[in-house]
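Analysis of the macromolecular model
Read off the chains here:
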Amino acid sequence: MLIKLPSASDSKESDVTPESIYLSRRTLLASSLAGLAVTAMPRWAGAADASRYADVEPGKAPGWFAEKLPATKWQAVNVQDEAITPFKDATHYNNFYEFGTDKGDPAKNAGSLQTEPWSVVIDGEVAKPGRYALEDFMKPYQLEERIYRLRCVEAWSMVIPWIGFPISALLKQVEPTSKAKYIRFETLEDAKSMPGQRSDFALIDWPYVEGLRLDEAMNPLAILAVGMYGRELPNQNGAPLRLVVPWKYGFKSVKSIVRISLVSEQPKTTWQSIAANEYGFYANVNPTVDHPRWTQARERRLPSGLFSPNLRDTKMFNGYEEEVGSLYAGMDLRKDY
Ligand SMILES: Nc1nc2c(c(=O)[nH]1)N[C@H]1C(S)=C(S)[C@@H](COP(=O)(O)O)O[C@H]1N2
Ligand SMILES: [Mo]
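This one's a predicted model, so the numbers in the text were calculated from it and none came from an experiment. (Residues numbered from 1 in each chain as written. Chains lettered and ligands numbered in written order. Predicted model: local features only at pLDDT ≥ 70, side-chain atom pairs only at ≥ 80, totals over all residues. Heavy atoms only, no water.)

Using the criterion set out here, one finds 17 aromatic pairs in the structure. Considering the side-chain rings of Phe87 and Tyr229, the 5.2 Å spacing of their centres and the 80° angle between planes classify their relative orientation as edge-to-face. Linking Phe87 in helix H4 (residues 87-92) with Tyr229 in the loop between strand E8 (223-228) and strand E9 (231-232), this pair joins segments that are 142 residues apart in sequence. With respect to class, Phe87 is no different from Tyr229; both count as buried. The interplanar angle of 90° and the centroid separation of 6.1 Å between the aromatic rings of Tyr282 and Tyr328 together place this pair among those described as edge-to-face. In this pair, Tyr282 is assigned in the loop between helix H10 (270-274) and strand E12 (298-301) and Tyr328 in the segment after helix H11 (321-324), connecting sequence segments 46 residues apart. Assigned by exposure class, Tyr282 and Tyr328 land together as buried. Ring pairing ties together the aromatic residues Tyr182, Phe281, Tyr282, Phe317 and Tyr328, which thus form one cluster. Directly above the ring of Trp74 sits Arg52, whose terminal nitrogen or CZ lies 3.8 Å from the centroid. (Phe/Tyr/Trp six-rings, centres within 6.5 Å; stacked < 30°, edge-to-face > 60°. Helix = DSSP H or I, 4+ residues; strand = E, 2+ residues; numbered from the N terminus. Buried < 20%, exposed > 50% of the residue type's maximum accessible area, 1.4 Å probe, protein only. Lys NZ or Arg CZ within 6 Å of the ring centre and 35° of its normal.)

In structure tokens:
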């Protein structure tokens, strides 16, 4: 992105080391007990499930979320042998340009975002278009915890326990017509609550827009998230509803969605519009296709510090090749980057 690559000293090592050691032990324990621990959990435990992540800051969940949370399918998808990123890093190192371009800006500024009431418009090539209050929109869906890698195009990464539901379940509800080939997502546009939309950062033609091919959206890994770390989404992470597509660069995972449209043409996305030679529509994580200005072969796993940069090799499709590789059979991923 036009953003400078952050210096390796961005997060203080003293802050994070004990937490990350603690969390990696906890993750190992959790995966060895997987299933057992989850089914042994009494139903009432759900209400306090933010406590499953030691460093989580409790939020103020709306009623519909608190009601649904106890029935969540915990650890429906997990990562093997990789520590979950501490909550503090996942919520204080963000890209959400509507609230500023520095990594700390969203945490500082996103308090102004009003997430209640919130409504979502479904339109375009669907049998059942409509405008829904979020609590009604959410009614049909069972929440699942999806612990996914998140790989930003800027070559840093995290592991985040999202809570959400597959987009395929939404598509079943709204019934795309035969003309629907893509799905387009739009972020809230509200200069009053989003200082980044008032600033001179005129490069972005708001609102932020992203899209997927319909078969990508149908892939079981593609979700709409409403929570993370056992609680509702913090504003800086895209409350109250965001996309998460873990095999693609983070910029595809559009935040604070107000409109979902089924369309026949490939939508024009925000980062493509800014620099089509650097950011493609597909944006699949791919260690063999470098960004014009830096390598994509490696990444800094956060928390990372000057003396422990925590570098690791980037995996094809961010480690989800088995699940999504067939979507791109026969395509030239150097051309369709
Ligand atoms: N509306 C909107 N969505 C957005 C962005 C943004 O600036 N605006 N940034 C994207 C980028 S570049 C990344 S890496 C992820 C970061 O998500 P996180 O802050 O929850 O880790 O959000 C994506 N979604
Ligand atoms: Mo990103």
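So, about helix H7 (residues 167-174). The α-helix winds at 3.6 residues per turn, so residues separated by three or four positions along the chain end up facing the same way. Residues of H7 that are buried include every one of Ile167, Leu170, Leu171 and Val174, and no others. When H7 is viewed along its axis, its buried side chains cluster within an angular range of 100° and face the same direction. Where H7 terminates, the next one or two residues include Glu175, which has phi positive at roughly 55°. (Arc of directions from axis to C-beta.)

By nearness alone, 18 residues border ligand 1, and Asn94, Tyr97, Glu98, Arg242 and Lys255 come closest of all. Asn95 is positioned such that a nitrogen or oxygen atom in its backbone is 3.1 Å from a nitrogen atom of ligand 1. Tyr97 places a polar main-chain atom, nitrogen or oxygen, 2.8 Å from an oxygen atom of ligand 1. Here ligand 1, which alone exposes 540 Å², has 99% of that area covered by the protein. (Near = heavy atom within 4 Å. Polar contact = N/O pair within 3.5 Å; in protein donor to acceptor, adjacent residues only side chain to side chain. Areas by Shrake-Rupley, 256 points an atom, 1.4 Å probe, with all protein chains shown as cover.)

What follows concerns the nonpolar core. Membership of the largest hydrophobic core comes to 92 residues, with the highest contact counts inside it found for Phe137, Ile167, Phe185, Leu224, Trp247 and Ile260. Here the element with the most residues in this core is strand E5 (residues 156-166); it accounts for seven residues. Not counting residues within four places of it along the chain, the set of residues in contact with Phe137 comprises Val120, Ile122, Tyr132, Phe165, Leu170, Leu241 and Ile260. (Core = buried A, V, L, I, M, F, W, Y, C linked by side-chain atoms within 4.5 Å. Contact = heavy atoms within 4.5 Å.)

When you line up the elements, Ser253 lands in the loop between strand E10 (242-244) and strand E11 (257-263). Taking relative accessible area as the criterion, Ser253 reaches 5% and is therefore assigned buried. From its side chain, Ser253 meets the backbone oxygen of Leu243 in a polar contact 3.5 Å long. For Ser253, the contacting residues outside a window of four places in its chain are Arg242, Leu243, Val244 and Val245.

In this section: the confidence of the model for the protein. For the protein, per-residue confidence averages 88 on the pLDDT scale, and 84% of positions sit at 70 or higher. Looking across the protein, the model is least confident in helix H1 (residues 13-32), with a mean pLDDT of 37, and most confident in E10, with 99. A low-confidence stretch, residues 3-48 stays under pLDDT 50, and its non-local contacts, those more than four residues away or across chains, total 51 contacts. (pLDDT = per-residue confidence, 0-100.)

Right, let's get into the side chain of Glu98. Mapped onto the secondary structure, Glu98 falls in the loop between H4 and helix H5 (105-109). Among buried Asp, Glu, Lys and Arg side chains, Glu98 stands out as unpaired, with Lys255 the closest opposite charge at 7.5 Å. Non-local contacts of Glu98, meaning those with residues more than four positions away in its chain, are made with Thr187, Met194, Pro195, Gly196, Gln197, Trp206 and Tyr208. (Lys, Arg positive; Asp, Glu negative; His and termini not counted. Salt bridge = Lys/Arg side-chain N within 4 Å of Asp/Glu carboxyl O.)

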